[in-house]
Amino acid sequence: MKKLIKTAALTGGALFILKGLDNRLEVTHYDFSSEKIPAEFDGFKILQISDYHSEPVPGLVEEINREAPDIIVSTGDLADDDGSYLPSLRLCEHLTDIAPVYAVTGNHDLWRSDYEQFERELSSIGVVTLHNERRIFTLRGSEFALSGIDDPFTTNSSKAADYIHTSVAKFPKYDGFEILLFHRANLFDHLKNYGFDLILSGHMHGGQFRLPASGRGIVSPRSGWVGKASMFFPKYVGGRYRAVHTEMIVNRGTGNPMIIPRLFNRPEITVITLKTKRSRRNAKQTTS
């Protein structure tokens, strides 16, 4: 009997570890509704990748192609801080064949001594990198904005806050629906009151280790230790977060720049579908 219990325990432990180390690509879907989204963009599909770190992911391009996005966005760290960036270029060559690609820089991108060359090559294949700037999408007379802020390239909380404030100040006033691409999800508290309707971020790698029941992330990347932030149980790691004036969706990323493996933390791409939300006034007028 003891032998049977021991065997069952060992088998259960092995299965638990195997499940934790499962690295199959996961696709997470979100619907985002707002009265500010024009009817012409109802159903508009945005596919988000993040933290690729030049690590090929089996089936990534095929899965993105199946989702048939209207645009693809990368929220930083397409490349790692060293090694070849060619896998990232090859990925983007495929992605630009599927849909227009927009990107913002991440800390690992900017740590590269050859980042400017990397971006020139990205641009040559059609990737648009947003450097503290806004692009307007128009369809049949309606529009929405996609903005991007560069990585602040600092772990000092005050400097990061100042950088964000200075960057946002460069944007002309805009009253329409606006999405912001910004790499570091851990800086959400510095961004949430600037009026962006939706923020798409990455950087936190899902917390590296995730508790299997709750999905709570355990370990923050070292560059996420901004100010007095702890490396353990970071506040924003993956999923959807709501504030009074905005929401943030955090992609857990596909790559792994850390020596330790991801645990209960499958590589992820996220798909955000925009939904027009009628105001209560218009809804009453329609039903009356």
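Reading the values: rules and limits
Residues numbered from 1 in each chain as written. Predicted model: local features only at pLDDT ≥ 70, side-chain atom pairs only at ≥ 80, totals over all residues. Heavy atoms only, no water. Pairing = 2+ DSSP bridges. Helix = DSSP H or I, 4+ residues; strand = E, 2+ residues; numbered from the N terminus. Axes fitted to C-alpha atoms, helices over the stretch in contact; angles between N-to-C directions. Contact = heavy atoms within 4.5 Å. Buried < 20%, exposed > 50% of the residue type's maximum accessible area, 1.4 Å probe, protein only. Patch = residues over 30% accessible without salt bridge, like charges linked within 9 Å, V, L, I, M, F, W, Y side chains within 5 Å. Areas by Shrake-Rupley, 256 points an atom, 1.4 Å probe, with all protein chains shown as cover. Salt bridge = Lys/Arg side-chain N within 4 Å of Asp/Glu carboxyl O. Right-handed = clockwise from strand over helix to strand, strands pointing away. Phe/Tyr/Trp six-rings, centres within 6.5 Å; stacked < 30°, edge-to-face > 60°.

## Comments concerning the sheet that holds strand β9 (residues 198-202)
The strands making up a sheet associate through backbone hydrogen bonding, with each pair oriented either parallel or antiparallel. Spatial ordering of the open sheet is given by β6-β7-β8-β9-β11-β10, a layout of six strands whose pairing is mixed. Where the open sheet ends on each side, the last strands, each with one partner, are β6 (133-139) and β10 (239-242). Taking the axes of each pair of neighbouring strands and ignoring which way they run, one obtains an average angle of 20° across the sheet. Alignment of strand β8 (residues 178-184) against β9, held across four bridges, turns out to be parallel.

## Considering the environment of P172
By secondary structure assignment, the location of P172 is in the loop between α6 (157-169) and β8. P172 sits 39 residues away from E133 along the chain, and the two C-alpha atoms are 9.5 Å apart.

## Comments concerning the environment of Y163
Structurally, Y163 is set in helix α6. The sequence separation of Y163 and F153 amounts to 10 residues, and the corresponding C-alpha distance is 9.3 Å. Beyond its immediate stretch of four places on either side in the chain, Y163 contacts N132, I149, D150, D151 and P152.

## Overview of the pairing of strand β7 (residues 142-148)
Consecutive residues of a regular strand have side chains that alternate between opposite faces of the sheet. Within β7, six of the seven residues are buried, which leaves it mostly tucked inside the rest of the structure. In this sheet, β7 lies alongside β6 in antiparallel orientation, the contact comprising seven bridges. Following the sheet pairing, I136 is matched in β7 by A145. In terms of strand pairing, β7 meets β8 through four bridges, oriented parallel. Counterpart to G148 in the pairing with β8 is L181.

## So, a nonpolar patch on the surface
On the surface, L211, F232 and F233 cluster together into a nonpolar patch covering about 270 Å² of accessible area. Among the secondary structure elements, L211 is positioned in the loop between β9 and β10.

## Some thoughts on the pairing of strand β3 (residues 71-75)
Across the five residues of β3, five count as buried, placing the element largely inside the fold. In this view, the connection linking strand β2 (residues 45-49) to its parallel neighbour β3 by way of helix α2 (residues 60-67) has right-handed handedness. Here β3 runs beside strand β4 (residues 101-104); their pairing, made up of four bridges, is parallel. Residue pairing for β4: S74 is matched across the bridge by A103.

## A closer look at the packing of aromatic side chains
Considering all chains together, one arrives at 13 aromatic pairs under this definition. Both rings, one in F171 and one in F196, keep their centres 6.3 Å apart while their planes meet at 85°; by these two values the pair is edge-to-face. With F171 in the loop between α6 and β8 and F196 in the loop between α7 (188-191) and β9, the pair connects residues that are 25 residues apart, well separated along the chain. On the basis of an interplanar angle of 90° and a centroid distance of 5.0 Å, the ring pair of Y236 and Y241 is categorised as edge-to-face. Exposure remark for Y236: the relative accessible area of 7% places this residue in the buried category. An aromatic cluster is defined as three or more aromatic residues linked by ring pairs; in this entry it consists of F32, F41, F44, Y102, F137, F144 and F177.

## Focus on unusual backbone geometry
With a phi close to 50°, D51 is a non-glycine residue in the positive phi region. Within the element layout of this structure, D51 appears in the loop between β2 and α2. According to the relative accessible area criterion, D51 is buried, its value standing at 0%. Positive phi outside glycine occurs at D77, with the angle close to 55°. Mapped onto the elements of the fold, D77 is located in the loop between β3 and α3 (86-98). The class for D77 is buried, based on a relative accessible area of 0%.

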